[in-house]
Amino acid sequence: MARRPLVMGNWKLNGSKAFTKELIEGLKAELAGVNGCDVAIAPPVMYLAEAEAALAGSQIALGAQNVDVNVQGAFTGDISTAMLKDFGAKYIIIGHSERRTYHKESDEFIAKKFAALKEAGLVPVLCIGESEAENEAGKTEEVCARQIDAVINALGVEAFNGAVIAYEPIWAIGTGKSATPAQAQAVHAFIRGHIAAKSQAVADQVIIQYGGSVNDANAAELFTQPDIDGALVGGASLKAPAFAVIVKAAAAAKN
Ligand code: PGA
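All of these numbers come straight from a predicted model, not from anything done at the bench.

Trainee: What exactly am I supposed to notice about helix H1 (residues 17-31) here?
Mentor: Counted at 1.5 Å a residue, the expected span for H1 with its 15 residues is 21 Å, and the 21 Å between its end C-alpha atoms agrees. What H1 keeps buried is the set Thr 20, Leu 23, Ile 24, Leu 27 and Leu 31. Taken around the axis of H1, the buried residues stretch over an arc of 100 degrees, which confines them to a single face. In H1, the exposed positions that point more than 90 degrees away from the buried face belong to Glu 22 and Ala 29.

And the structure:
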């Protein structure tokens, strides 16, 4: 079954009001007329209003980098699914390794976020991936399986219908050292197979992005791999020309 690729920009803790408008204007110009790939950006939530306004009428979808499990009430500092929906955000990153590390988010807590997003009709972009030490110890598959099973155990495999998984080996994030296409493909095939063991239909449609030092020079080769359905892009998503090259590479490779 043909899966439509998704290339998503994760701006992380970068930007300003002016930067948000400028980058989106650049993306709209660079991506006009490009079809065959879904595109989304996740600016800091502070700038969702600017981004929503700048994206009006474009094909680029809005996303966010995190969400809380609670919808309303006394939860100081948190942002709900309803608030993200209010700004038209659709693709919501959860379980990014930076949040797992700096905010001690557990697999079970992330599964609750996944549930909250499904409940709200938003698309979870579940980040998974092993550390360098885990990789060297041969634990990549074990770690990815555990992170996926937390969602399957809580919600059932059907929760991955319409959802996105981003395989992001931690050693490749922001290091300039991407996984090779063959390395990434092997893990993506494992992830899809792991889901297929529960439901082939769910596995066939789930989008599995690769993330970790994807750039305009290495994207095309990554997208030649059958189980790589796009990318979650950090650093290279902050420049419109580089991000556009990645989107165009996905559109070209998958159509
Ligand atoms: P990077 O980040 O592209 O800068 O490596 C990817 C990510 O963390 O989502």
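Trainee: I keep staring at the pattern of salt bridges and nothing clicks. Help me out?
Mentor: Pairs can form between side chains of opposite charge once their charged atoms are near each other. Summed over all chains, the structure comprises 12 salt bridges. The closest approach of N and O atoms between Arg 3 and Asp 227, which form a salt bridge, is 3.9 Å. Within this pair, whereas Arg 3 is found in the segment before strand E1 (6-10), its partner Asp 227 is found in the loop between helix H10 (219-223) and strand E8 (230-233), the two being separated by 224 residues in sequence. Assessed through its relative accessible area of 17%, Arg 3 is described here as buried.

Trainee: Help me out: how do you make sense of the pairing of strand E5 (residues 123-128) in this one?
Mentor: Looking along a regular strand, one sees the side chains alternate between the two faces of the sheet. In terms of residue burial, E5 counts as a mostly covered element, since six of its six residues are buried. Neither face of E5 is open: one carries Val 123, Val 125 and Cys 127, the other Pro 124, Leu 126 and Ile 128, and all of them are buried. Pairing of E5 with strand E6 (residues 164-167), which is carried by four bridges, proceeds in the parallel orientation. The partner of Cys 127 across the bridge, within E6, is Ala 166.

Trainee: Looking at this structure, I do not really get the pairing of strand E4 (residues 89-94). What am I missing?
Mentor: In terms of burial, E4 is largely enclosed, as five of its six residues are buried. In the sheet, strand E3 (residues 61-64) pairs with E4 via three bridges, with the strands oriented parallel. The residue bridging Leu 62 from the neighbouring strand is Ala 89, located in E4. Handedness of the E3-helix H3 (residues 81-86)-E4 crossover: right-handed. With four bridges joining them, E4 and E5 adopt parallel strand pairing.

Calculation notes
Counting of residues starts from 1 at the beginning of each chain's written sequence and follows it residue by residue. Owing to the predicted nature of the model, reporting of local features is limited to residues with pLDDT of at least 70; listing and counting of side-chain atom pairs is limited to 80 or more, with chain, interface and lining totals taken over all residues. Each side-chain value is worked out from all heavy atoms of the structure, with water and hydrogens disregarded. In this text, helices come from DSSP runs of H or I with a minimum length of four residues, and strands from runs of E with a minimum of two, each type numbered from the N-terminal end. Helix span is expected to be 1.5 Å times the residue number reduced by one. Type-normalised accessible area, obtained with a 1.4 Å probe on protein chains alone, sets the label of each residue: buried when under 20%, exposed when over 50%, and partly exposed for intermediate values. The reported arc concerns the directions from the helix axis to the C-beta atoms and nothing else. The term salt bridge refers to a pairing of a side-chain nitrogen on Lys or Arg with a carboxyl oxygen on Asp or Glu at a separation within 4 Å. A pair of strands is considered paired only if DSSP assigns at least 2 bridges between the two. A clockwise course of the path from the first strand over the helix to the second, judged with the strands pointing away from the viewer, identifies a crossover as right-handed.

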